[in-house]
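Structural features, examined
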Amino acid sequence: FEIGGTRYDYFAIGDSEYDVLEDIVSISKFHKNDDRLDWDLFNIPHHCSSKALAKEKGEKETIPTALVKELLCHGQREAYMVSSSHPIGDNAEAYKQAQPPHIQAKKAYKRYLNEVGGRDLLVTMEEPNTRKPEPLVFEISSSGGRLARRRVTGAAIATSSRPPRAG
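Every value quoted in this text rests on a predicted model; they were computed, and no experiment measured them. Here the residue numbering is sequential within each chain, running from 1 through the sequence in written order. Side-chain atom pairs in this predicted model are given and counted only at pLDDT of 80 or more, local residue features only at pLDDT of at least 70, and totals for whole chains, interfaces and linings cover all residues. Think of the side-chain values as coming from all heavy atoms in the structure, minus any hydrogens and water.

1. Considerations on the nonpolar core
Joining through side-chain atoms within 4.5 Å is the link that ties buried Ala, Val, Leu, Ile, Met, Phe, Trp, Tyr and Cys residues into a set, and such a set is a nonpolar core. The buried label applies to any residue whose accessible area, calculated with a 1.4 Å probe on protein chains only, is under 20% of its type's maximum; exposed applies above 50%, and partly exposed to all values in between. The biggest cluster of nonpolar side chains holds 28 residues, and the ones touching the most others in it are Trp-39, Phe-42, Leu-71, Leu-72, Met-81 and Tyr-109. Counting from the N terminus, the helices are the DSSP runs of H or I reaching at least four residues and the strands are the DSSP runs of E reaching at least two. Among the secondary structure elements, those contributing two or more residues to this core are helix 1 (18-30), strand 4 (39-43), helix 2 (66-72), strand 5 (75-83), helix 3 (92-96), helix 4 (103-115) and strand 6 (120-123). It is helix 4 that provides the largest number of residues to this core, a total of 6 residues. Residue contacts follow a heavy-atom distance rule, with two residues in contact if any of their heavy atoms lie within 4.5 Å. Excluding its chain neighbours within four sequence positions, the residues that come into contact with Leu-72 are Trp-39, Phe-42, Leu-53, Pro-64, Met-81, Tyr-109, Tyr-112 and Val-116. One finds Tyr-8, Tyr-80, Leu-122 and Leu-147 within the second-largest nonpolar core, a separate group that totals 6 residues.

Shown next as structure tokens:
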């Protein structure tokens, strides 16, 4: 997206696995289109599966292949990552889980998001909380992109609570 001369890159990957991502990086570099690997908003592939990072899931954290790591390092300052998935637990059972989302993948994504100075990794079924998740909405403007948080106004607060009972 380009708004007012500011570019905001959204990297949508779908259900791709690591070998497809390696091809994207290799081909982009071969054609000297490295800038097309830049991202401000990264849609984590395959519901945060470790298979989008490497062939093997790590014990505590999945280590991405060199080319996938290179893609993750193309994140821009203040970038976001989004996992379209169920909540991602961080307990003994989560580490044994065969189906995504994988906590080991989430830890890898968070590592590289922190390395590039990114803002946040969001999980769709955890926002704003796991009890009542709501759609994520991003606002993109000439000053960049940001997650649009729902704002509660004074009128909404006044009408959402019962007045005290008289007597």
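2. Some words on the sheet that holds strand 3 (residues 10-12)
Pairing between two strands is assigned when DSSP locates at least 2 bridges connecting them. Overall, parallel pairing links the 4 strands, which are arranged 3-4-5-6 in an open sheet. Every interior strand has two partners, whereas the edge strands, strand 3 and strand 6, have only one. Taking each pair of neighbouring strands and ignoring which way they run, the sheet shows an average axis angle of 15 degrees. Relative to strand 5, strand 4 runs parallel, the two sharing 4 bridges. Its bridge partner being in strand 5, Leu-41 is matched across the sheet by Tyr-80. What counts as an axis is a line fitted to C-alpha atoms, over the stretch in contact for a helix, and the angles between N-to-C directions run from 0 to 180 degrees. Contacts from helix 4 reach strand 4, strand 5 and strand 6, with the element oriented near 150 degrees to strand 6.

3. Some thoughts on the pattern of salt bridges
Salt bridges, as used here, are contacts in which a Lys or Arg side-chain nitrogen is within 4 Å of a carboxyl oxygen on Asp or Glu. Scanning all chains against the criterion turns up 8 salt bridges. Across the salt bridge formed by Arg-77 and Glu-78, the nearest N and O atoms sit 3.7 Å from each other. For Arg-77, a relative accessible area of 60% puts it in the exposed group. Between Lys-107 and Asp-90 there is a salt bridge whose closest N-O contact spans 3.5 Å. A residue pair is termed long-range when its members are at least 10 positions apart, and Lys-107 in helix 4 and Asp-90 in the loop between strand 5 and helix 3 qualify at 17 residues. A network of salt bridges, in which partner residues are shared, links Arg-7, Asp-9 and Asp-35.

4. Comments concerning unusual backbone geometry
With omega at 10 degrees, the peptide bond leading from Pro-100 into Pro-101 counts as cis. Relative to the assigned elements, Pro-101 resides in the loop between helix 3 and helix 4. Residue Pro-128 follows Glu-127 across a cis peptide bond; omega there is -5 degrees. Tracing the sequence through the fold places Pro-128 in the loop between strand 6 and strand 7 (138-141).

5. Observations concerning a negative patch on the surface
A cluster of like negative charges, contributed by Asp-15, Glu-17, Asp-19 and Asp-23, occupies part of the molecular surface. Note on Asp-23: relative accessible area 46%, which makes it partly exposed. Each patch groups residues whose relative accessible area exceeds 30% and which form no salt bridge, using 9 Å between like charges and 5 Å between nonpolar side chains of Val, Leu, Ile, Met, Phe, Trp and Tyr. Computed by Shrake-Rupley with a 1.4 Å probe, the accessible areas treat only the displayed protein chains as cover when residues are assessed. As used throughout, the charge tally considers Lys and Arg to be positive and Asp and Glu to be negative, leaving His and the chain termini uncounted. Think of each charge as sitting on NZ of Lys, CZ of Arg, CG of Asp or CD of Glu.

6. Some remarks on helix 1
Given the number of residues in a helix, its expected span is that number minus one, multiplied by 1.5 Å. Look at helix 1: 18 Å from first C-alpha to last across 13 residues, which is about the 18 Å you get at 1.5 Å a residue. Listed as buried for helix 1 are Tyr-18, Leu-21, Val-25 and Ser-28. Projection of helix 1 onto a plane perpendicular to its axis shows the buried side chains occupying an angular sector of 95 degrees, all on one side. Exposed side chains of helix 1 directed beyond 90 degrees from the buried face belong to Ile-27 and Phe-30. The inward-facing, buried residues of helix 1 abut helix 2. This arc is built from the directions going out from the helix axis to the C-beta atoms.

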